[in-house]
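Below, each chain spelled out in residue letters.
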Amino acid sequence: EPEVTQTPSHQVTQMGQEVILRCVPISNHLYFYWYRQILGQKVEFLVSFYNNEISEKSEIFDDQFSVERPDGSNFTLKIRSTKLEDSAMYFCASSESGTDTQYFGPGTRLTVL
Amino acid sequence: QQQVKQSPQSLIVQKGGISIINCAYENTAFDYFPWYQQFPGKGPALLIAIRPDVSEKKEGRFTISFNKSAKQFSLHIMDSQPGDSATYFCAASMVYAGNMLTFGGGTRLMVKP
């Protein structure tokens, strides 16, 4: 069964450093999403992406965040200058259409020291 | 108005019992209500979903009950099994708003053998 994959599974970085989290969505999917989950809390929407542009973004997704689909398979989330409060599990998701089920990847645990 | 409130935060059920998790929402524009199951260290996985044109949907041991007038929906797990022990999240989305999922706070379910 096709699945969303994410790399790395765990990223440790120093405050102020840039990180790039990578995702490979399911191959025929056209809509892509990033969510985050701070330890013990609920999953929060960050951004949705379709047709090479951002569809929606939340208040969390400020100027420090950016997304990109650099090629036909990868979807990346970049955090320019990480803060301690960026420590969380980051989930990528994809869906075939804008109304369909979103399938989540296993997540990348980001730890900012 | 975008919030989805979920209760209880934690639930302990005996094997074979019924697990019931409730969610309430404010925004009447929500038109898709999925439930996700999450095991430790994994991403959320879709369990079952409903749209507001039906009041109930059943898939195996899992049933969603939907009350549009009360703006509430619930997940019932019949014949609960130890393997059902996980965190359950309700969510809601609006198709025209990029289908971003707004998650409830989660319910940690433990099914005792």
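As the structure is a prediction and not an experimental result, all values here were calculated from the model.

### A look at the overall build of chain B
No. 1: The number of helices and strands found in chain B is 0 helices and 11 strands.
No. 2: Counting from the amino terminus, helix and strand elements in chain B follow one another as β-β-β-β-β-β-β-β-β-β-β.
No. 3: Its C-alpha atoms give chain B a radius of gyration of 13 Å, within 12% of the compact-globule value 13 Å for 113 residues.
No. 4: Counting only C-alpha atoms and orienting by the principal axes, one finds that chain B spans roughly 45 × 30 × 20 Å.
No. 5: The average position of the 11 basic charges and that of the 7 acidic charges among the side chains of chain B differ by 7 Å.

### Overview of the pattern of salt bridges
No. 1: Evaluation of the coordinates by the stated rule reveals 4 salt bridges over all chains.
No. 2: Between Arg36(A) and Glu44(A) there is a salt bridge, with its nearest N and O atoms 3.3 Å apart.
No. 3: Classification of Arg36(A) by relative accessible area gives buried; the value is 11%.
No. 4: In this structure, the salt-bridge partner of Asp84(B) is Arg61(B), at a minimum N-O distance of 2.8 Å. Residue Asp84(B) is found in the loop between β8 (72-77) and β9 (86-92), and its partner Arg61(B) is found in the loop between β6 (56-59) and β7 (62-67); the two are separated by 23 residues along the sequence.

### Points about the environment of Thr82(A)
All names here are of chain A.
No. 1: Tracing the chain through its elements places Thr82 in the loop between β8 (75-79) and β9 (88-95).
No. 2: On the basis of relative accessibility, which here comes to 1%, the residue Thr82 falls in the buried class.
No. 3: As for Thr82 and Leu110, which are separated by 28 residues in sequence, their C-alpha atoms are 9.8 Å apart.
No. 4: When neighbours within four sequence positions are excluded, Thr82 is seen to be in contact with Thr13, Gln14, Met15, Gly16, Gln17, Val19 and Val112.
No. 5: Among the polar contacts made by the side chain of Thr82, one reaches the main-chain carbonyl oxygen of Gln17 at a distance of 2.9 Å.

### Overview of the sheet that holds strand β7 (residues 65-68) of chain A
Residues and elements named next belong to chain A.
No. 1: Taken together, the 4 strands give an open sheet; going across it, the order is β1-β3-β8-β7, and neighbouring strands pair in antiparallel fashion. Edge positions in the sheet fall to β1 (5-7) and β7, since each has one partner strand and no second. In this sheet, adjacent strand axes meet at a mean angle of 20° when their direction is disregarded.
No. 2: Bridge count for strand β3 (residues 19-24) against β8 is 5 bridges, and the pairing is antiparallel. Along β8, the bridge assignment pairs Val19 with Ile79.

### Let's talk about the state of the cysteines
No. 1: Going through the model one piece at a time under the given rule, you end up with 2 disulfides over all chains.
No. 2: Across the disulfide, Cys23(A) is cross-linked to Cys92(A) (sulfur-sulfur distance 1.9 Å). Between Cys23(A) and Cys92(A) the disulfide shows an S-S torsion of about -60°. By sign, it is left-handed. In this pair, Cys23(A) sits in strand β3 while Cys92(A) sits in strand β9, placing the two residues 69 residues apart along the sequence.
No. 3: A relative accessible area of 0% places Cys92(A) in the buried class.
No. 4: Through a disulfide, Cys23(B) is tied to Cys90(B); the S-S separation comes to 1.8 Å. Looking down the S-S bond of the Cys23(B) and Cys90(B) bridge, the torsion is -95°, so its handedness is left-handed. Within this pair, whereas Cys23(B) is found in strand β3 (residues 19-25), its partner Cys90(B) is found in strand β9, the two being separated by 67 residues in sequence.

### Structural notes on the interface of chain A and chain B
No. 1: At the interface, 19 residues of chain A touch 19 residues of chain B.
No. 2: Surface buried jointly by chain A and chain B totals about 1,600 Å² across both partners, of which 57% is contributed by carbon and sulfur atoms.
No. 3: The largest contributions to the chain A side of the interface with chain B come from Lys42(A), Thr99(A) and Phe104(A), which together make up 30% of the buried area.
No. 4: Summed over the shared surface of chain A and chain B, the result is 0 salt bridges.
No. 5: Counting across the chain A and chain B interface gives 4 residue pairs in polar contact (both at pLDDT 80 or more).
No. 6: Within the residue set of the side of chain A that touches chain B, elements represented by two or more residues are β4 (31-37), β5 (43-50) and β9 of chain A.
No. 7: Grouping the constituent residues of the side of chain A that touches chain B by class yields 8 nonpolar, 8 polar and 3 charged.

Definitions and cut-offs
- Residues numbered from 1 in each chain as written.
- Chains lettered and ligands numbered in written order.
- Predicted model: local features only at pLDDT ≥ 70, side-chain atom pairs only at ≥ 80, totals over all residues.
- Heavy atoms only, no water.
- Helix = DSSP H or I, 4+ residues; strand = E, 2+ residues; numbered from the N terminus.
- Rg over C-alpha atoms; globule rule 2.2 N^0.38 Å.
- Lys, Arg positive; Asp, Glu negative; His and termini not counted.
- Charge placed at Lys NZ, Arg CZ, Asp CG, Glu CD.
- Salt bridge = Lys/Arg side-chain N within 4 Å of Asp/Glu carboxyl O.
- Buried < 20%, exposed > 50% of the residue type's maximum accessible area, 1.4 Å probe, protein only.
- Contact = heavy atoms within 4.5 Å.
- Polar contact = N/O pair within 3.5 Å; in protein donor to acceptor, adjacent residues only side chain to side chain.
- Pairing = 2+ DSSP bridges.
- Axes fitted to C-alpha atoms, helices over the stretch in contact; angles between N-to-C directions.
- Disulfide = S-S within 2.5 Å.
- Buried area = accessible area lost by both parts, 1.4 Å probe.
- Nonpolar A, V, L, I, M, F, W, Y, C, P; charged D, E, K, R; others polar.

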